[in-house]
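Now for the letters of each chain:
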Amino acid sequence: MAFRVTEDECGEWTVLRVSGELDLMTSPVLRQHVRDVVAQGRHGLVLDLSEVFFCDSSGVGVLIATRRLIRSCRGRLRLTLPAQGAVEGSHVNRVLAALGVRRLFDVYPDVETAVREQEQPLSA
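Residues numbered from 1 in each chain as written. Predicted model: local features only at pLDDT ≥ 70, side-chain atom pairs only at ≥ 80, totals over all residues. Heavy atoms only, no water.

What follows is about the overall build of the chain. Of regular secondary structure, the chain possesses four helices and five strands. Starting at the N terminus and ending at the C terminus, the chain contains elements arranged as β-β-α-β-α-β-α-β-α. The buried share among the 124 residues of the chain stands at 44%. Of all intrachain contacts in the chain linking residues separated by at least 6 positions in sequence, the fraction that spans at least 24 positions is 65%. Accessible surface, the chain as shown: approximately 6500 Å² in total, 51% of it carbon and sulfur. (Helix = DSSP H or I, 4+ residues; strand = E, 2+ residues; numbered from the N terminus. Buried < 20%, exposed > 50% of the residue type's maximum accessible area, 1.4 Å probe, protein only. Contact = heavy atoms within 4.5 Å. Areas by Shrake-Rupley, 256 points an atom, 1.4 Å probe, with all protein chains shown as cover.)

The subject of this paragraph is the nonpolar core. Membership of the largest hydrophobic core comes to 27 residues, with the highest contact counts inside it found for Leu16, Leu30, Leu45, Leu47, Leu49, Leu79 and Leu96. Among the elements that line this core, the one with the most residues is strand β3 (residues 44-55), at five residues. Here Leu30 is in contact with Phe3, Val5, Leu16, Val18, Leu22, Leu47 and Val62, once residues within four sequence places are set aside. Core analysis: the next-biggest nonpolar cluster, separate from the first, contains six residues, Trp13, Val15, Tyr108 and Val111 among them. (Core = buried A, V, L, I, M, F, W, Y, C linked by side-chain atoms within 4.5 Å.)

Of note, Gly20 is situated in strand β2 (residues 13-22). Accessibility expressed as a relative area gives 0% for Gly20, which makes it buried. Measuring from C-alpha to C-alpha, the distance between Gly20 and Met1 comes to 5.6 Å, with 19 residues separating the pair along the chain. Residues in contact with Gly20, not counting those within four places in the same chain, are Met1, Ala2, Phe3, Glu51, Val52, Phe53 and Phe54.

Turning our attention to helix α2 (residues 57-72). The end-to-end C-alpha distance of α2, which contains 16 residues, comes to 22 Å, matching closely the 22 Å that a straight helix rising 1.5 Å per residue would cover. Two residues or fewer past α2, Arg74 is found with a positive phi of approximately 60°. (Expected span 1.5 Å × (residues − 1).)

Spatially, five strands are ordered β1-β2-β3-β4-β5 in an open sheet, and the strand pairing comes out mixed. This sheet does not close on itself; its edge strands, each paired only once, are β1 (4-10) and β5 (106-108). If you compare each strand with its neighbour and ignore which way they point, the axes differ by 25° on average. The strands that α2 touches are β2, β3 and β4 (76-80); relative to β3, the one it contacts most, it runs at about 175°. (Pairing = 2+ DSSP bridges. Axes fitted to C-alpha atoms, helices over the stretch in contact; angles between N-to-C directions.)

Following this line, the structure appears as structure tokens:
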């Protein structure tokens, strides 16, 4: 599967849907997409990682840098990762948990839930 980032708008949220491997070669692409979104003044961001099947430390670095950038703009960042039992995307959840950084993110099971204002994130 080739690495892809597609962009959608859901109300006040910008949704970046990421698929493929998030690694040293592809993480700069995601970083640039995030910068472009923020430069356009959009500070409500959902990163849909449900189709990311591999994530290395550079991918985690981009997620942490995105969190820092969004927070500096007083924006909001939400990640979507499938439930723990899911095959697709569960790798990212395990990597974030193993590194002890999952608790830094508001994580939701899907985009539809993430863009609803009243929804609470899944526990870390």
